[in-house]
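So the chains spell out like this:
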Amino acid sequence: MKFLLIMHGNPLVWDALTAEERDEVMSGHGAFMETVRKSGEMIGTVALADPAQSAVVRVRSGVPAVTDGPYLEAKEYLGGYYLVECDSRERALELAALIPDAGVEGLGVEVRPVVYAGTADD
């Protein structure tokens, strides 16, 4: 079964951490990636840039309009994800608990089953 382990960022929470705590979270991702690579459960991962660097494209009456910034004004934003393949939902939950963001007060890791995954070759 494939699962997306989704990390949401919150600038207020992140900014409240000390530099040492932020470094611990970031280095913890390296340890997590090593764990899921060794277990053979890692499919891929993506870390996203700050939402301020994003753009939103909307097409209305055939005319595209581009606006800067995130899609929604929100305190939390999609920061990145891991795509894993494991035997069960319980294992996906175990893996999510190993992601350092899960241990930060005010943050968490969303675990969502993947119902379809395609590639450019499909």
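Check the entry above for the structure.
The present account deals with the structure reproduced in this document. (Residues numbered from 1 in each chain as written. Predicted model: local features only at pLDDT ≥ 70, side-chain atom pairs only at ≥ 80, totals over all residues. Heavy atoms only, no water.)

1. A short note on the pairing of strand β5 (residues 77–85)
The pairing of strand β1 (residues 2–9) with β5 spans eight bridges and is antiparallel. Its bridge partner lying in β5, L5 is registered against Y82. Pairing geometry for strand β2 (residues 42–47) and β5, over five bridges, is antiparallel. Counted as the bridge partner of G44 is L83 from β5. (Pairing = 2+ DSSP bridges. Helix = DSSP H or I, 4+ residues; strand = E, 2+ residues; numbered from the N terminus.)

2. Overview of the environment of G118
Position of G118 relative to the elements: it lies in the segment after β6 (109–113). Separated by 35 residues in the primary sequence, G118 and L83 place their C-alpha atoms 13 Å from one another.

3. A few points about the environment of V115
For V115, the position within the fold is in the segment after β6. Overall, the relative accessible area of 86% leaves V115 in the exposed class. Spatially, the C-alpha atom of V115 lies 8.0 Å from that of K2, the residues being 113 residues apart in sequence. (Buried < 20%, exposed > 50% of the residue type's maximum accessible area, 1.4 Å probe, protein only.)

4. So, the pairing of strand β3 (residues 55–60)
As defined by bridge partners, β3 adjoins strand β4 (residues 63–68) across six bridges and the pair is classed as antiparallel. In the strand pairing of β4, R60 is matched with V63.

5. Quick notes on unusual backbone geometry
In this structure, S61 takes a positive phi of about 55 degrees despite not being glycine. Topologically, S61 is positioned in the loop between β3 and β4.

6. Side note on the sheet that holds β2
Strand order in the open sheet formed by four strands is β2-β5-β1-β6, with antiparallel pairing between adjacent strands. In this open sheet, the two strands that pair with only one neighbour each are β2 and β6. Direction aside, the axes of adjacent strands within the sheet are offset by 20 degrees on average. One ladder, built from five bridges, connects β1 with β6; its direction is antiparallel. (Axes fitted to C-alpha atoms, helices over the stretch in contact; angles between N-to-C directions.)

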